[in-house]
Amino acid sequence: MSQSSTLKHKIVVTRNLGPDVMPILEGRTEIDLVVWPEDRACDREWLLRNATGAAALVIMVSDKIDAEVLDAAGPGLRAVSTMSVGYEHVDVKELAKRSIALGYTPDVLTEAVADVCIMLALMAGRNAKQTAALVNEGNWPQFSWAPFLFCGPQLSAPSPSRQRTAGFIGFGRIAKATLARLVPFGFTRCIYGANPNSTRQGSSDDSDKELADRLGLASVRRVDLDTVASESDVVFVLAPGSPSTYHVVNEEFLRRMKKTSVLVNASRGTLVDSDALARVLKEGGIWAAGLDVVEGEPNIPADHPLVREPRCVILPHIGSATNETRVDMASLAANNALAAALGEPMPCALNL
Ligand code: DGY
């Protein structure tokens, strides 16, 4: 037997992936498996120490992967496999420079995140934060039913003559799945702004027409971001986090939005300027915001200006958190790492 066939390939996993998924990696004679032993985000020092000699790393969005980690791993590192579709936490340029592959988990979370987009649009528009809080705090008796108490803009079109427009920043799989969910709500028009990372140029093309026909919409159109801001009833932020999308929703964008409109962000916190959003919400410049991600998360204290805004519903990055989706994401992340460690093509690699 040659020496290389007896060598074990080390895979480091920064979070236990649970009983449904760990068997993919456990008990494999060719794999030396090292798993962060605690039920909290992995300490960086532990990762730096344990990455040494790894062939693959399975990481979470809470792990920052940069030159320091790659140096610690050494020249045998073939792949980083993130259990996420987003990869803002990974220095992809550094990976590309070293010919290290990046595995990620698109597709499997599309439906779960689209569900949360609709949930946030409804919760934010219909005052779920304030109204649920008053019940939780025992204050319902002080607010007996009254004709216009706690009213908000209706997500669904109230009548055929009052149509709704959905706006998107970033128009990938999750945006399209969200749009499909809005059709039964009576949305007839979709406009989307350039995902600044997209290489696609120009205005609407045949695929927009095909999508509109398939969903039974009056139109799907690519427009400039000012138009997304000013014409949408709900703006969904669903573009990847990157330097080119940083604060794409800034004060100017927010001030162009309708006073009755709702902003939903389920992509990355860095796309929305939190201070500007808090100011515009306070002044009534838009109706409400529903956020699954916030700049600076998870360090969002109770006195954060957005947490204090009654019409800003904030969830702690749970867009993909369904039992089914998380098992699928974890399985794909484990299989990506396993394939890379064994020198095989990963089931789902990003083109770097
Ligand atoms: C992702 O996959 O990028 C999500 O944000 C984590 O659910």
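Residues numbered from 1 in each chain as written. Predicted model: local features only at pLDDT ≥ 70, side-chain atom pairs only at ≥ 80, totals over all residues.

Visitor: Honestly, the overall build of the protein chain in this entry has me stumped. Any pointers?
Guide: Looking only at helices and strands, the protein chain has twelve helices and twelve strands in total. Here the protein chain has a C-alpha radius of gyration of 22 Å; the compact-globule value for 352 residues is 20 Å, and the two agree. Seen through its C-alpha atoms, the protein chain measures out along the principal axes to roughly 80 × 55 × 35 Å. Relative to its 352 residues, the protein chain shows a buried fraction of 41%. Put simply, 69% of the contacts in the protein chain that link residues at least 6 apart link residues at least 24 apart. (Helix = DSSP H or I, 4+ residues; strand = E, 2+ residues; numbered from the N terminus. Rg over C-alpha atoms; globule rule 2.2 N^0.38 Å. Buried ≥ 20, exposed ≤ 12 C-beta atoms within 10 Å, placed from the backbone. Contact = placed C-beta atoms within 7 Å.)

Visitor: Explain the confidence of the model for the protein chain here, please?
Guide: A low pLDDT score tells you not to read the predicted coordinates there in detail. Per-residue pLDDT for the protein chain averages 94, and the proportion of residues at 70 or more is 95%. Across the assembled chains, the prediction reports ipTM 0.96 with pTM 0.94. (pLDDT = per-residue confidence, 0-100.)

Visitor: I keep staring at unusual backbone geometry and nothing clicks. Help me out?
Guide: The phi torsion of most residues other than glycine is negative, and most of the peptide bonds are trans. Omega for the peptide link from glutamate 297 to proline 298 comes to 5 degrees, which places this bond in the cis form. Residue position: proline 298 is located in the loop between strand E11 (288-291) and strand E12 (312-314). Positive phi outside glycine occurs at serine 99, with the angle close to 55 degrees. Along the polypeptide, serine 99 turns up in the loop between helix H4 (92-97) and strand E5 (101-103). Classification of serine 99 as exposed rests on a count of 9 C-beta atoms within 10 Å. Even without being glycine, aspartate 107 reaches a positive phi, approximately 70 degrees. Relative to the helices and strands, aspartate 107 resides in the loop between E5 and helix H5 (110-125).

Visitor: Looking at this model, I keep getting lost on the pairing of strand E1 (residues 9-13). Mind explaining?
Guide: For a regular strand, side-chain orientation follows a simple rule: the groups alternate between the two sheet faces. When you tally the buried positions in E1, you get five out of five residues, the bulk of the element. Neither face of E1 is exposed, since His9, Ile11 and Val13 on one face and Lys10 and Val12 on the opposite face are all buried. When E1 meets strand E2 (residues 31-35), the two strands line up parallel, connected through five bridges. The partner of isoleucine 11 across the bridge, within E2, is leucine 33. Relative to strand E3 (residues 54-59), E1 runs parallel, the two sharing four bridges. Its bridge partner being in E3, lysine 10 is matched across the sheet by alanine 54. (Pairing = 2+ DSSP bridges.)

Visitor: Can you help me understand the sheet that holds strand E10 (residues 262-265) in this one?
Guide: Backbone-to-backbone hydrogen bonds pair the strands of a sheet. The strands run either parallel or antiparallel. Read from one edge to the other, the open sheet built from seven strands follows the order E8-E7-E6-E9-E10-E11-E12, with strand pairing classed as parallel. Since the sheet does not close on itself, it has two edges, and those belong to strand E8 (219-223) and E12, each with one partner. Strand-to-strand twist of the sheet, defined as the mean angle between neighbouring strand axes without regard to direction, takes the value 15 degrees. As defined by bridge partners, E10 adjoins E11 across four bridges and the pair is classed as parallel. Residue pairing for E11: leucine 263 is matched across the bridge by alanine 289. (Axes fitted to C-alpha atoms, helices over the stretch in contact; angles between N-to-C directions.)

Visitor: It is not clear to me how the site of the ligand should be interpreted in this structure. Could you clarify?
Guide: By nearness alone, every residue bordering the ligand is listed as Val61, Ser84, Val85, Gly86, Leu109, Gly319 and Ser320. Partitioning the shell around the ligand into residue classes produces three nonpolar, four polar and no charged. (Near = placed C-beta within 6 Å. Nonpolar A, V, L, I, M, F, W, Y, C, P; charged D, E, K, R; others polar.)

Visitor: What should I look at first to understand the packing of H5 against helix H7 (residues 173-182) in this one?
Guide: Each pair of packed helices can be summarised by the angle the axes make with each other and by the distance between the axes. Remark: H5 packs on H7, axes separated minimally by 8 Å, with the N-to-C direction vectors making an angle of 55 degrees. The angle between H5 and H7 places the two elements in the oblique class. Considering only the axes of H5 and H7, their crossing is right-handed. Here H5 contributes Thr110, Glu111, Val113, Ala114, Cys117 and Ile118 to the contact with H7, which in turn contributes Arg173, Ile174, Ala177, Thr178 and Arg181. (Parallel < 35°, antiparallel > 145°, perpendicular 65-115°, else oblique. Left-handed = near helix turned anticlockwise from the far one by under 90°.)

Visitor: Even after reading the chapter, I still don't get the domain arrangement of the protein chain, so can you show me in this structure?
Guide: Much of the literature gives interface size as the accessible area that the parts lose upon coming together. Once the domains are mapped, the protein chain shows domain 1 (3-108 + 324-341) and domain 2 (110-314). The interface of domain 1 with domain 2 comprises five residues on the first partner and seven residues on the second. Of the residues in the side of domain 1 that touches domain 2, the class split is one nonpolar, two polar and two charged. (Domains from an automatic or database assignment.)

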